Amino acid sequence: MTVRPETLRSSSLPSASAMRIYNTIEQMRSASRAARSEDKRIGFVPTMGALHEGHLSLVKAAKAQSDFVAVSIFVNPTQFGPNEDFARYPRSFERDCQLLEVEGVHAVFAPAVAEMYPGGEATTVMVHGISEKLCGRSRPGHFHGVATVVSKLFHIVEPDCAFFGQKDAAQVAVIRRMVRDLDMRAEIMVCPIVREADGLALSSRNAYLDAEQRKTALVLSRSLREIEQAFGSGERRVAKLIEIGQALFRQTPAARLEYLEIVDPDTLDPVPQVAKRSLVAVAAFVGGTRLIDNVLLA
Ligand code: AMP
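The rules behind each value
Residues numbered from 1 in each chain as written. Predicted model: local features only at pLDDT ≥ 70, side-chain atom pairs only at ≥ 80, totals over all residues. Heavy atoms only, no water. Axes fitted to C-alpha atoms, helices over the stretch in contact; angles between N-to-C directions. Helix = DSSP H or I, 4+ residues; strand = E, 2+ residues; numbered from the N terminus. Parallel < 35°, antiparallel > 145°, perpendicular 65-115°, else oblique. Contact = heavy atoms within 4.5 Å. Nonpolar A, V, L, I, M, F, W, Y, C, P; charged D, E, K, R; others polar. Buried < 20%, exposed > 50% of the residue type's maximum accessible area, 1.4 Å probe, protein only.

1. Concerning the packing of helix H1 (residues 25-37) against helix H6 (residues 142-157)
Move 1: In the contact formed by H1 and H6, the axes pass within 7 Å of each other and the chain directions differ by 55 degrees. Taken together, the axes of H1 and H6 are oblique relative to one another. Residues Ile25, Met28, Arg29 and Ser32 of H1 touch H6, and the partners they reach there are His155, Ile156 and Val157.
Move 2: Broken down by class, the residue content of the contact of H1 with H6 amounts to 4 nonpolar, 2 polar and 1 charged.

2. Here we look at unusual backbone geometry
Excluding glycine, most residues fall at negative phi; most peptide bonds, likewise, are trans.
Move 1: With phi around 65 degrees, Asp39 is a residue other than glycine that occupies positive phi space.
Move 2: Relative to the elements of secondary structure, Asp39 occurs in the loop between H1 and strand S3 (42-47).
Move 3: Unlike most non-glycine residues, Glu158 shows phi in positive territory, near 50 degrees.
Move 4: Along the chain, Glu158 turns up in the loop between H6 and strand S6 (161-165).
Move 5: Using a relative accessible area of 22% as the deciding quantity, one classes Glu158 as partly exposed.

By themselves these figures say nothing about function.
Here is the structure:
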């Protein structure tokens, strides 16, 4: 969707809350630079839109920790595989902007694909190793697309701090490593997973689930909770903890487990012995919808 630069105003809000929408790199960059010239701390939240409370928790954190908040809404084609859901990924731009304006966001960056990749993509950022673990194994090229677009967005917005969700734990590991290896100046902030009351992690892809699938999808968070409980009771054997989670999936044939792993949250390598801060990560298909969830053991 191409949206002309404009100011979204709501009559119920004071004009001080006016939020700008930018479609070009040049506009976004100059807005950021203007904020920086006023000594403002720039907080940035990259998203693919179809916003929910999980995204808004990142926006709230950015608001609390910065003076100028920019949110990008860009469904990045290069992080989707050829048989994935790029074309039908939920898009709700107008509603997203209304939600962001209520949060007091200053700038929305919503470029068209042609603005971001006018000549295709000859230069990519690859975070080797980590990008082939967890989701990277079944989604080859996914994290190269993520690292490249986040790197481009960082160059455009030039944030002091950028906010990501723990929901995408592997993405966090990839971005942290990229920032470290390429000496990027953005401070990476990670916010906790926001869940529905019954435990389902919020995701834009939950919109694909029908009522029955919505119930089935609870197997992800339940398996994590059971593993967490066993860990809390003193179980430290990886195989035993994984078996506890897998057993729940065996009882739920409508869900197809892709992986259930206990890994180091920084390297994403399997841990030999489970300890505090080990990451339990799960991915599963419910119908045609691929869902992920995780927990950091504490
Ligand atoms: P997406 O629009 O799916 O690319 O997500 C944008 C950001 O929101 C990413 O940093 C996600 O990790 C984060 N996010 C998505 N779902 C949640 C959630 N349930 N809780 C916290 N953060 C989330």
